[in-house]
Amino acid sequence: MKNTRKLCFALVVWACAFVSVYAQTILESTVLQKVQAAVFEVVVEKPAEGNLTYEKKLPLERIPFAIRNDAYLPIGTAFLMNDGKFYSAAHVFSLYKETLYTNYFLRGKDGKTWKISSVTKFATDRDFICFDVENFTADKSKGLSVAPDAALNSTVFSVGNALGEGIVIRNGVLTSRTPEQENGAWQWLRFSAAASPGNSGGPLITEKGDVLGIIAMKSQNENLNYALPFAETKNVADNTGIVHIPFYYRLPTILTERFYHVFDEKLSLPQNLGSLRAEITSRNRNNTDKLVHDLGERFAPDANEGFARAAGAAEMLSNSYMVGFPYTIYLSDAGKWDYAKPKEISTHQLGDNGFVNFGAMLGYTFAYVVKPESVALKDLIASPKTYVDYILSASKITRNVAGENIAITSLGDPCKSDKHIDRFGRTWLINYWELPFVDYMAIAYALPMPDGVYVMLKFDSYGDVLNGHRQDMAFIADYAYPSYSAELKQWKEYLALSEAEVGKRDPVIASVSLDYSKKHIALKTGAYSVDLPSSILSSADDTTFGLSIGYAFKDGKLVQEERALSLDTNKRAENYRFLFISKQPKPDASALKNTAESWGQKCDGIAPYDGKPYDSEQYTMIDKIIYPDGISYKTRSDADCIYILGGGLSGQGKKNEALRFIAAAEKAVRVR
């Protein structure tokens, strides 16, 4: 009996404790009704599907009914206070980040919507915004009140549009107060009540339904969330907007550091939300433009911190490469300038001898699209839809619908086109595509090539493309290091294109002229002239003509110059031959020992640069040094550069034929 009484007493105590705890986890009916009437979803009009096409029909019917039939997209939460104003988190409205969303609305629990009109106060660092809505008669008695300061471990409730599924109320405790990171000007409220995407801008309330703060963000490292104490909204003057955004900016090709910067603006209010967003995003673009321009001047190829004046510059200025896939020059995290290309380059066949070579690097997709023979180069360059569709066929981008990933096969025609001329005078064709279903955008920088296009491609949020990647890709373009190599018939088509079609040409290419027939090849470039009879080297359509570039200072300015010219016959044809002439500048005194020794070997005509044939793999090779005008073997130490004339024949042991070949080539090739 005694034990039974103890058990009954324990059950009574447990029941009382349970009731006490349970009472702290729910709101009283009258409080609940007031909170539900004062808290709203922030929604935007659901964007159109756009011009995208897919590998198959999208299974939109599998999306939940309510979401599928909703004309709006829920993006956050807002609430009415007893001052007759609405409050939310500033980031919900993309005040400084461009978006495809235009009009913003509040939606009540009855489904009725009101368009948000004028903004009366905001601060991006405190992450709050105060605004009015059209045709809404604010009954101050229905607004929420400011809560007195709450003790730690007291019960709090997060109220918001959790996961876009309507207003949800969840309980937790006030765990701590944390100083804001920059200078401790105020303390964030940290709380354990759940806050999902969509809760941003909702109120953090007490059991009485009074507002402690505005829900702003989640903790990065643990399951705790942040709210701005509502009292902090009073520390920004009425009719004032404060933009204060400290951030780190990183240029894709500069890996040594991130650049700290602050975007500061102060605006007079009230102002229409749409015009306010347009003004702030415009100022933000201008701010980023100036930041990247200043960094571009600091790290420009010929600036004090650029690769042409850095340690190791002697190697970069004296060497050149014939590259199949263009390099990008970058500053590594070790502080060394170097050449880079994607570690893994995949090939996707397009048919009709066309293909895409592609890989990822520096946060971007890089692709070299070689056109199918049935596609005219003019048409490919004029149709960014076509070459990006080729890339999408090689490197798939998918859209997830009801758990299924559906490949996007085409972005359609671009929504915007532009051109950019880089520091070396090359024109890049810029195109943009919208992906409305995720508020995304694609941007492509394309450099026309003799056999296709070289493309840098990026998919990201609408705002990050227009204010970030747009500037970064222009920066990367200055550091692109391509070679130009294609068959003679492709060069002929390429050189026939007008400036209106391809833009201003690379100065190296602008000086090229080509004429060939069954009898000979006549070539002129800025550095060389070639007139080869077909008896020496085939002048067929499929003979390949290549140009490599190098860097040099001229009149104190860094320029790209032609370094090597090469001609190769079809390797599968009978009597394969190749010929090249290459300029080798004298390296600076700061050059590495290997570079200096290599120069000495060439300048002195030491084997294999002695004009004597030698066997290498399945070829007979020969290389001969040619000194510039006014320089002889005896005065070679005075030379600023030398030239290497070389070539090869299929098969080994063809020494006499190789000697005749190089002698004939020496008569046909001239340094201009």
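Criteria and cut-off values
Counting restarts for each chain, with residues numbered from 1 along the sequence as it is written. Reporting in this predicted model follows two pLDDT cut-offs: at least 70 for local features of residues, and 80 or more for side-chain atom pairs to be given and counted; totals over whole chains, interfaces and linings ignore these cut-offs and use all residues. Here the side-chain values reflect all heavy atoms present in the structure, with hydrogen atoms and water set aside. The helix and strand labels rest on DSSP assignments: H or I over at least four residues marks a helix, E over at least two residues marks a strand, and numbering proceeds from the N terminus. The size measure is the radius of gyration over C-alpha atoms, and the globule rule it meets is 2.2 Å times the number of residues to the 0.38 power. Using a 1.4 Å probe on the protein chains alone, a residue whose accessible area is under 20% of its type maximum counts as buried, one over 50% counts as exposed, and one in between counts as partly exposed. By definition, residues are in contact when any of their heavy atoms lie within 4.5 Å. Surface accessibility follows the Shrake-Rupley procedure with a 1.4 Å probe radius. Residue values consider only the protein chains on display as shielding. Counted charges follow a simple rule, with Lys and Arg positive, Asp and Glu negative, and His plus the chain ends left uncounted. Here the site of a charge means NZ on Lys, CZ on Arg, CG on Asp, or CD on Glu. A pair of strands is considered paired only if DSSP assigns at least 2 bridges between the two. Note on geometry: axes are C-alpha line fits, over the in-contact stretch for helices, and angles between N-to-C directions span 0 to 180 degrees. Planes of paired rings set the category: under 30 degrees apart is stacked, over 60 is edge-to-face and the rest tilted, where pairs are Phe, Tyr or Trp rings (Trp by its six-membered ring) whose centres lie within 6.5 Å. Sitting over a ring, as applied to charges here, requires NZ of Lys or CZ of Arg to be within 6 Å of the ring centre and within 35 degrees of the ring normal. The pLDDT value tells you how sure the predictor is about a given residue, anywhere from 0 up to 100. Think of it as the arc spanned by the lines of direction from the helix axis to the C-beta atoms. Any carboxyl oxygen of Asp or Glu within 4 Å of a side-chain nitrogen of Lys or Arg constitutes a salt bridge here. Just so you know how the angles are binned, under 35 degrees is roughly parallel, over 145 roughly antiparallel, 65 to 115 roughly perpendicular, and the rest oblique. It is the rotation of the near helix from the far one that decides the hand of a crossing: anticlockwise by less than a right angle makes it left-handed, clockwise makes it right-handed. Put simply, Ala, Val, Leu, Ile, Met, Phe, Trp, Tyr, Cys and Pro go in the nonpolar bin, Asp, Glu, Lys and Arg in the charged bin, and everything else, Gly too, in the polar bin.

**Here's the deal with the overall build of the protein chain**
Part 1: Across its full length, the protein chain carries 13 helices and 39 strands.
Part 2: Its C-alpha atoms give the protein chain a radius of gyration of 34 Å, clearly above 26 Å, the size a compact globule of 672 residues would have.
Part 3: Taking the principal axes of the C-alpha coordinates as reference, the protein chain spans close to 115 × 65 × 55 Å.
Part 4: In the protein chain, which comprises 672 residues, the proportion classed as buried is 52%.
Part 5: Counted over contacts in the protein chain with a minimum sequence separation of 6, partners at least 24 positions apart contribute 61%.
Part 6: Carbon and sulfur atoms form 50% of the exposed surface of the protein chain, whose accessible area is close to 31200 Å².
Part 7: Each charge sign in the protein chain was given a centre, from 75 positive and 78 negative side chains, and these centres are 2 Å apart.

**Notes on the sheet that holds strand E26 (residues 440–449)**
Sheet strands pair by backbone hydrogen bonding; their relative direction is either parallel or antiparallel.
Part 1: Strand order in the open sheet made by the seven strands is E19-E20-E21-E27-E26-E25-E24, with antiparallel pairing throughout. Each of the sheet's edge strands pairs with one partner strand only, and the pair in question is strand E19 (346–351) and strand E24 (416–421). Going across the sheet, the axis of each strand differs from the next one's by a mean of 25 degrees, ignoring polarity.
Part 2: With 10 bridges connecting them, E26 and strand E27 (residues 452–461) associate as antiparallel partners. Looking at the pairing, Tyr445 lines up with Met456 of E27.

**Details of the sheet that holds strand E28 (residues 480–481)**
Part 1: If you walk across this open sheet you meet the three strands as E18-E17-E28, and the pairing is antiparallel. With one partner strand each, in any of the chains shown, strand E18 (337–340) and E28 form the two edges of the open sheet.
Part 2: Two strands pair when backbone bridges link them, and strand E17 (residues 327–331) and E18 are joined in this way by four bridges, in the antiparallel orientation. Each bridged residue has a counterpart across the sheet, and for Leu331 the counterpart in E18 is Trp337.

**Some words on the packing of aromatic side chains**
Part 1: Enumeration according to the criterion identifies 38 aromatic pairs in this entry.
Part 2: Measuring from centroid to centroid gives 5.9 Å for Phe40 and Trp114, while their planes differ by 85 degrees, and the two rings are edge-to-face. Remark: Trp114 occurs in strand E6 (residues 113–123) and Phe40 occurs in strand E1 (residues 39–45); sequence separation between them is 74 residues. Residue Phe40 shares its accessibility class with Trp114, and that shared class is buried.
Part 3: A connected cluster of aromatic rings, assembled from ring pairs, spans Phe307, Tyr321, Tyr327, Trp337, Tyr339, Phe424, Phe475, Tyr479, Tyr481 and Tyr551.
Part 4: For Arg258, the ring lying beneath its charged end belongs to Tyr248, and the centroid distance is 4.0 Å.
Part 5: Lying over the aromatic face of Phe437, Arg399 brings its terminal NZ or CZ to 4.0 Å of the ring centre.

**Some thoughts on the confidence of the model for the protein chain**
Part 1: On average, residues of the protein chain score 92 in pLDDT, and 96% of them reach the 70 mark or higher.
Part 2: Between residues 1–24, whose pLDDT stays under 50, and residues either more than four places distant or in other chains, the model counts four contacts.

**What to know about helix H9 (residues 488–495)**
Part 1: Residues of H9 that are buried include every one of Leu488, Gln490, Trp491 and Tyr494, and no others. Each buried residue of H9 sits inside an arc of 155 degrees when the element is viewed along its axis, so together they form one side.

**Observations regarding the pairing of E17**
Part 1: Counting buried positions over the five residues of E17 gives five, a clear majority of the element.
Part 2: Here E17 folds back onto E18, and the loop between the two strands holds five residues, one of which, Gly335, carries a positive phi near 85 degrees.

**With respect to unusual backbone geometry**
Part 1: Following Leu269, the chain continues to Pro270 via a peptide bond in cis, the omega torsion being 5 degrees.
Part 2: By the element assignment, Pro270 lies in the loop between strand E15 (259–268) and strand E16 (271–272).
Part 3: Residues Ala607 and Pro608 are joined by a peptide bond in cis, for which omega reads 10 degrees.
Part 4: Unusually for a residue other than glycine, Ser94 sits at a positive phi of about 45 degrees.
Part 5: Considering the arrangement of structural elements, one finds Ser94 in the loop between strand E4 (86–88) and strand E5 (104–107).

**Quick notes on the pattern of salt bridges**
Part 1: Inspection of every chain in the model, using the stated rule, returns 34 salt bridges.
Part 2: In this structure, the salt-bridge partner of Arg423 is Glu297, at a minimum N-O distance of 2.9 Å. Taken together, the residues Arg423 in the loop between E24 and strand E25 (427–435) and Glu297 in helix H4 (residues 273–299) connect sequence positions 126 residues apart.
Part 3: Accessibility expressed as a relative area gives 40% for Glu297, which makes it partly exposed.
Part 4: Across the pair Arg423 and Asp478 runs a salt bridge whose closest N-O atoms are separated by 3.1 Å. Of this pair, Arg423 sits in the loop between E24 and E25 while Asp478 sits in the loop between helix H8 (462–477) and E28, and the two are 55 residues apart along the sequence.

**A short note on the side chain of Asn467**
Part 1: Tracing the chain through its elements places Asn467 in helix H8.
Part 2: A relative accessible area of 15% places Asn467 in the buried class.
Part 3: Discounting chain neighbours no more than four positions away, the residues touching Asn467 are Asn284, Arg285 and Thr288.

**Points about the environment of Cys130**
Part 1: Along the chain, the position of Cys130 falls in strand E7 (residues 128–133).
Part 2: Looking at Cys130, the relative accessible area reads 4%, which means it is buried.
Part 3: Setting aside residues no more than four positions away along its own chain, Cys130 makes contact with Lys85, Phe86, Tyr87, Val119, Thr120 and Lys121.

**Quick notes on the environment of Ile245**
Part 1: Relative to the helices and strands, Ile245 is located in strand E14 (residues 240–249).
Part 2: The exposure class of Ile245 is buried, given its relative accessible area of 14%.
Part 3: With residues up to four places along the chain from it excluded, the contact list for Ile245 reads Tyr96, Thr124, His261, Val262 and Phe263.

**What to know about the environment of Ile26**
Part 1: Its place among the elements puts Ile26 in the loop between helix H1 (2–25) and helix H2 (29–38).
Part 2: Note: C-alpha distance between Ile26 and Gly463 (437 residues apart in sequence) is 40 Å.

**Thoughts on the pairing of strand E38 (residues 641–650)**
In the case of a regular strand, side chains alternate between the two sheet surfaces.
Part 1: The element E38 is extensively covered by neighbouring structure, given that nine of its 10 residues are classed as buried.
Part 2: Pairing geometry for strand E35 (residues 577–585) and E38, over nine bridges, is antiparallel. Paired with Ile581 across the strands is Leu645, a residue of E38.
Part 3: As defined by bridge partners, strand E37 (residues 619–626) adjoins E38 across eight bridges and the pair is classed as antiparallel. Bridging from a neighbouring strand, Lys624 pairs with Leu645 of E38.

**What about the packing of H4 against H8?**
Part 1: Relative to each other, H4 and H8 sit at 25 degrees, their axes nearing to 10 Å. With respect to each other, H4 and H8 are oriented roughly parallel. Viewed along their axes, H4 and H8 form a crossing whose handedness is right-handed. Counted together, Asn284, Arg285, Thr288, Asp289, Val292, Leu295, Gly296 and Phe299 of H4 and Leu466, Asn467, Arg470, Gln471, Asp472 and Phe475 of H8 form the full contact between these two elements.
Part 2: Considering only residue class, the contact of H4 with H8 consists of five nonpolar, five polar and four charged.

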